[in-house]
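Structural characterization, general
These are the residues of each chain, in order.
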Amino acid sequence: MANAASGMAVNDDCKLKFLELKAKRTYRFIIFKIEEKLKQVIVEKLGEPTLSYEDFTAALPANECRYAVYDFDFVTEENCQKSKIFFIAWSPDTSKVRSKMLYASSKDRFKRELDGIQVELQATDPTEMGLDVIRGRAN
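Please read these numbers as outputs of a predicted model, since none were measured by experiment.

1. Quick word on the layout of surface pockets
Think of a ball as big as a water molecule: rolled over the atoms, this probe shows where empty space is left. Here the largest pocket is characterised by a volume of approximately 280 Å³. For the largest pocket, the lining is made up of 14 residues, of which Glu-36, Glu-64, Arg-66, Ser-99 and Tyr-103 are closest to its centre. Contributing elements (two or more residues each) for the lining of the largest pocket: strand 2 (29–35) and helix 3 (97–113). Sorting elements by how many residues they give to the lining of the largest pocket places helix 3 first, with 4 residues. Across the lining of the largest pocket, the residue classes break down as 4 nonpolar, 3 polar and 7 charged.

2. Concerning helix 1 (residues 12–24)
Between its terminal C-alpha atoms helix 1 stretches 18 Å, which fits the 18 Å expected from 13 residues at 1.5 Å a residue. Among all positions in helix 1, only Cys-14, Lys-17, Phe-18 and Leu-21 are buried. An end-on view of helix 1 places all buried positions within 100° of arc, on one side of the element. Facing away from the buried side of helix 1 by over 90 degrees, the exposed positions are Asp-12, Ala-23 and Lys-24. The elements touched by buried residues of helix 1 are strand 1 (9–10), strand 2, strand 3 (40–47), strand 4 (66–75), strand 5 (81–90) and helix 3. Capping of helix 1 at its N-terminal end is provided by Asn-11; its side-chain oxygen lies 2.8 Å from the backbone amide nitrogen of Asp-13. Trailing helix 1 by a residue or two, Arg-25 shows a phi angle of about 55°, which is positive.

3. Side note on the packing of aromatic side chains
By the definition in use, this model includes 11 aromatic pairs. Seen in terms of ring centroids, Phe-72 and Phe-86 are 6.1 Å apart; in terms of plane orientation they differ by 90°. Their pairing is edge-to-face. Here Phe-72, found in strand 4, pairs with Phe-86, found in strand 5; they are 14 residues apart in sequence, far enough to count as distant. Owing to a relative accessible area of 0%, Phe-86 belongs among the buried residues under this scheme. Site record: aromatic cluster; members linked through ring pairs are Phe-32, Tyr-67, Phe-87, Tyr-103 and Phe-110.

4. Here we look at the side chain of Arg-109
By the secondary structure assignment, Arg-109 is in helix 3. Overall, Arg-109 belongs to the buried group, its relative accessible area being 15%. A distance of 3.3 Å separates polar atoms of two side chains, one belonging to Arg-109 and the other to Glu-113.

5. A look at the confidence of the model for the protein
Averaged over all residues, the pLDDT of the protein equals 93, while 95% of them reach at least 70. Overall, residues 1–5 carries pLDDT values under 50, and its contacts beyond four positions in sequence, including any with other chains, amount to 12 contacts.

The rules behind these values
Residues numbered from 1 in each chain as written. Predicted model: local features only at pLDDT ≥ 70, side-chain atom pairs only at ≥ 80, totals over all residues. Heavy atoms only, no water. 1 Å grid on protein atoms, 1.4 Å probe; cavity = no way out; pocket = protein on both sides within 12 Å on 5 of 7 lines; lining within 4 Å. Points joined across faces, edges and corners; volume = space filled by probe spheres on them. Helix = DSSP H or I, 4+ residues; strand = E, 2+ residues; numbered from the N terminus. Nonpolar A, V, L, I, M, F, W, Y, C, P; charged D, E, K, R; others polar. Expected span 1.5 Å × (residues − 1). Buried < 20%, exposed > 50% of the residue type's maximum accessible area, 1.4 Å probe, protein only. Arc of directions from axis to C-beta. Contact = heavy atoms within 4.5 Å. Polar contact = N/O pair within 3.5 Å; in protein donor to acceptor, adjacent residues only side chain to side chain. Phe/Tyr/Trp six-rings, centres within 6.5 Å; stacked < 30°, edge-to-face > 60°. pLDDT = per-residue confidence, 0-100.

Structure representation (structure tokens):
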């Protein structure tokens, strides 16, 4: 069902791939894009479990908005291995205003479709989603 505010539907593949990331850890990250012609959010890129956070940030376009999910592994102060699923709304300052508005108006509904997100991050430039920021938000 399309969102009344933005008219964007969510492709079933988005939910399926997210479930695979969450339950089976099949992917390290997923990058989603709004396909305006289809009026829906689709999967743009899947990151293999072996890829790093640097690979993930390099996969985001410098001048276009995207949604992304990243499965972050870390070790707590008690030396426990943990992971948290981050939802990142990537909206670079250099992207088109129309695109920023479209992604902003569709974000909450899209996020609700992905059950199991633990941390949300909004980033307009790479420093706002640096590894240090991710580590800080994970704890």
